[in-house]
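The lines below spell out each chain.
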Amino acid sequence: VFHMSLWFNAAVLLSFLLRETNFRPGEDPHCAQLGAMAAQCFFYWPAWLQTFASAFWTTIFSNVYMVVCRGRSFVARTKHLPERDRELAFMHHFLGKWPMCVYEPHQVRQWFWQLCPCSTCRRRANRDAGRYTDLPWQPSLVLLSYFFLTPLIAFVMLYGQFYFTSSAIMEQVTYSTRPDFIEVKPPPLERDE
């Protein structure tokens, strides 16, 4: 989850910068493409504001993601159990065979029966609940969220990196009226050479 918070920060910051900072290399009026960085370039307020906003939203997104993927804490899930049953649930979930979905498939079936809207499945889930454990198995949402978030973050990162690293200068210009003609125009900083 810590690694996802770093990717959240990178993606959120890049999306904010794409919205506020639309200068490509060589086009920024405050920052020269070559030479020392001026104070006006370093203290460009919209970029600093987006950095702080990104840190704020990343903290919120990362914590929500962690809570959603992890689920409720062990203490919250076992507060209704007596002390002895809480001890047994702890030993079963933390010291038992892992992963539980492989070694105890009946736990997985019980969880799916609880999701079923029909009364037959619910009766079966309630009947089997006491036989297996007082603390039922819950699936992890990390893998499911990985398949959803990876393409989304990859798109934002690749688009932003391409946008900020691509040049607005066309060195070779072609014309539709003259298909075989290619005009070579060096970048403005290289024209004196």
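What counts and what doesn't
Residues numbered from 1 in each chain as written. Predicted model: local features only at pLDDT ≥ 70, side-chain atom pairs only at ≥ 80, totals over all residues. Heavy atoms only, no water. Helix = DSSP H or I, 4+ residues; strand = E, 2+ residues; numbered from the N terminus. Buried < 20%, exposed > 50% of the residue type's maximum accessible area, 1.4 Å probe, protein only. Core = buried A, V, L, I, M, F, W, Y, C linked by side-chain atoms within 4.5 Å. Contact = heavy atoms within 4.5 Å. Phe/Tyr/Trp six-rings, centres within 6.5 Å; stacked < 30°, edge-to-face > 60°. Lys NZ or Arg CZ within 6 Å of the ring centre and 35° of its normal.

Caption draft 1: The arrangement of the side chain of Ser5 in detail. Following the sequence through the fold, Ser5 ends up in helix α1 (residues 2-20). The class of Ser5 is buried, set by a relative accessible area of 15%.

Caption draft 2: Spatial organisation of the nonpolar core. Met4, Phe8, Ala11, Leu14, Tyr65, Cys69, Leu149, Ile153, Val156 and Met157 together form the largest nonpolar core, which totals 10 residues. Breaking this core down by element, the ones donating at least two residues are α1, α3 (45-70) and α9 (142-165). Once residues within four sequence positions are removed from consideration, Met157 is found in contact with Trp7, Ala10, Ala11 and Leu14.

Caption draft 3: Representation of the packing of aromatic side chains. Counted under the stated rule, the structure contains 11 aromatic pairs. Look at Trp48 and Phe52: their rings are 6.2 Å apart centre to centre, the planes differ by 35 degrees, and that puts the pair in the tilted class. Here Phe52 and Trp48 lie together in helix α3, a separation of 4 residues that amounts to about one turn. The partly exposed category is assigned to Trp48, whose relative accessible area is 30%. Taken together, a centroid distance of 5.8 Å and an interplanar angle of 75 degrees make the contact between Phe74 and Phe90 edge-to-face. Taken as a pair, Phe74 in helix α4 (residues 74-77) and Phe90 in helix α5 (residues 83-94) lie far apart in primary sequence, 16 residues in all. Using a relative accessible area of 34% as the deciding quantity, one classes Phe90 as partly exposed. Sitting above the plane of the Tyr175 ring, Arg178 keeps its charged end 5.3 Å from the centroid.

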